[in-house]
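Chain by chain, the residues:
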Amino acid sequence: MRALVAILLAALLGTCSSPPSLLERILRTGELTVVTRNTPAAFYYGADEPRGIEYELARGFAKRLGVGLRIYTSDQVYQDVSDGKAQVAAASLSVADSRKEAVTFGPGYQTIQPQVIYRRGTKRPRELDDLLGSRLEVVADSSHAVLLTQLRAEEPLLSWVEDSQATAEELIRRVATGEIDYTIADSHLFALLRHFYPDLRVGFSLGAPNQIAWALPRGADSLRENIAAYFAEIESTGELDRILDRYYFASREFDYVGSRAFIQHVNTRLPRYRDYFQEAERGSGIDWRLLAAIAYQESHWNPGGRFQSPNYPGEER
């Protein structure tokens, strides 16, 4: 009897297979679910289709797997991955030791640096001591909040406010309007936003450089291996550099005067011509914002085409 039970048990165990891996489930369903954030550094809706560095990378990975892509935005990207709502978080995430208990990170694909952002015309902060007694705000439960907690060991009087509602972009805007004195922003995000806030500057860098990477559930080893192979492939072919260049090329040639002029023209000139651009969209099928961008490139939305302003080169009197 004991021998028979042993034989039946062995046969039963032999018919049982291990549950499919996360990668196998993605391939079976034919869909990769990615959670991201609505930010210029990750994902946003362009004139004709979704855009963003993370969107293009996720689309490329789904194509490599031969599956469809479902991408959505959330303010709780780590939680969504941990809960199984998404298989990958591609949201311009810094690799953080504090997150490694809940998720695992793929290979880093971009080096960034946390930076203290201040407003032109105010005293430039150059070290931690210069932040004392100021209004410093960061996003709650962010890598920047963790970094400040670590730096408090060097400067016990360091204080800051953590905002659970604001995004990094919103805090950058508040510095520009003078609502707060400083915030901390990652270098790649500030590079993308500085044209919209030409009066903002970098005071100094905080902590060590970090890497941006995707986050995925712990234990998803085969999926991580495929992600690593994908990034190695697009790095070797130059595709990764081409994607990054498409979004960062403008930030490498920052023009303070030109950026200020553009912001002024958006507020004063564009409203006069918006209806014409939208009417042209209805007739041509071309997004009115693209038409407006072409017109600005040609004439700065100036019917006369003369740019002789004493305040801003490129503006007529």
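The structure this text deals with has already been given above.
These numbers come from a predicted model, not from an experiment. (Residues numbered from 1 in each chain as written. Predicted model: local features only at pLDDT ≥ 70, side-chain atom pairs only at ≥ 80, totals over all residues. Heavy atoms only, no water.)

(A) Representation of the overall build of the protein in the model. Within the protein, the regular secondary structure consists of twelve helices and 13 strands. In the protein, which comprises 317 residues, the share counted as buried stands at 41%. Pairs at least 24 apart in sequence give 73% of the contacts found in the protein among residues at least 6 apart. Element-wise, carbon and sulfur atoms account for 50% of the exposed surface of the protein, whose accessible area totals about 17600 Å². (Helix = DSSP H or I, 4+ residues; strand = E, 2+ residues; numbered from the N terminus. Buried < 20%, exposed > 50% of the residue type's maximum accessible area, 1.4 Å probe, protein only. Contact = heavy atoms within 4.5 Å. Areas by Shrake-Rupley, 256 points an atom, 1.4 Å probe, with all protein chains shown as cover.)

(B) Inspection of the side chain of Glu54 at higher detail. With respect to the helices and strands, the residue Glu54 is situated in helix H3 (residues 53-65). The buried charged residue Glu54 lacks any salt bridge partner; its closest oppositely charged side chain belongs to Arg37, at an N-O distance of 9.0 Å. Among the polar contacts made by the side chain of Glu54, one reaches the side chain of Tyr109 at a distance of 3.2 Å. Not counting residues up to four positions away in its chain, the partners in contact with Glu54 are Thr36, Ala41, Ala42, Ala90, Ala91, Ser92, Leu93, Tyr109, Ile212 and Trp214. (Lys, Arg positive; Asp, Glu negative; His and termini not counted. Salt bridge = Lys/Arg side-chain N within 4 Å of Asp/Glu carboxyl O. Polar contact = N/O pair within 3.5 Å; in protein donor to acceptor, adjacent residues only side chain to side chain.)

(C) Summary view of the environment of Ala191. You can see Ala191 is positioned in helix H7 (residues 187-193). Note: C-alpha distance between Ala191 and Tyr248 (57 residues apart in sequence) is 7.4 Å.

(D) Main features of the nonpolar core. The biggest cluster of nonpolar side chains holds 47 residues, and the ones touching the most others in it are Leu57, Tyr109, Trp214 and Leu223. Looking at this core element by element, the count peaks at seven residues for H3. Among residues more than four places away in sequence, those in contact with Leu223 are Leu22, Leu23, Ile26, Phe61, Gln87, Val88 and Leu216. (Core = buried A, V, L, I, M, F, W, Y, C linked by side-chain atoms within 4.5 Å.)

(E) Spatial organisation of the side chain of Arg174. With respect to the helices and strands, Arg174 occurs in helix H6 (residues 168-177). A distance of 3.0 Å separates polar atoms of two side chains, one belonging to Arg174 and the other to Asp163. Setting aside residues no more than four positions away along its own chain, Arg174 makes contact with Glu137, Asp163, Ala166, Glu179 and Ile180.

(F) Local environment of the pattern of salt bridges. Per the counting criterion, the structure on display carries twelve salt bridges. The salt bridge partner of Asp141 is Arg99, with a shortest N-O separation of 3.6 Å. Of this pair, Asp141 sits in the loop between strand S9 (136-139) and helix H5 (143-151) while Arg99 sits in the loop between strand S5 (88-94) and strand S6 (103-105), and the two are 42 residues apart along the sequence. Across the pair Asp163 and Arg174 runs a salt bridge, and its minimum N-O distance is 3.0 Å. Placement of the pair is Asp163 in strand S10 (residues 161-163) and Arg174 in helix H6, with a sequence separation of eleven residues.

So yeah, pure geometry; function would need other evidence.
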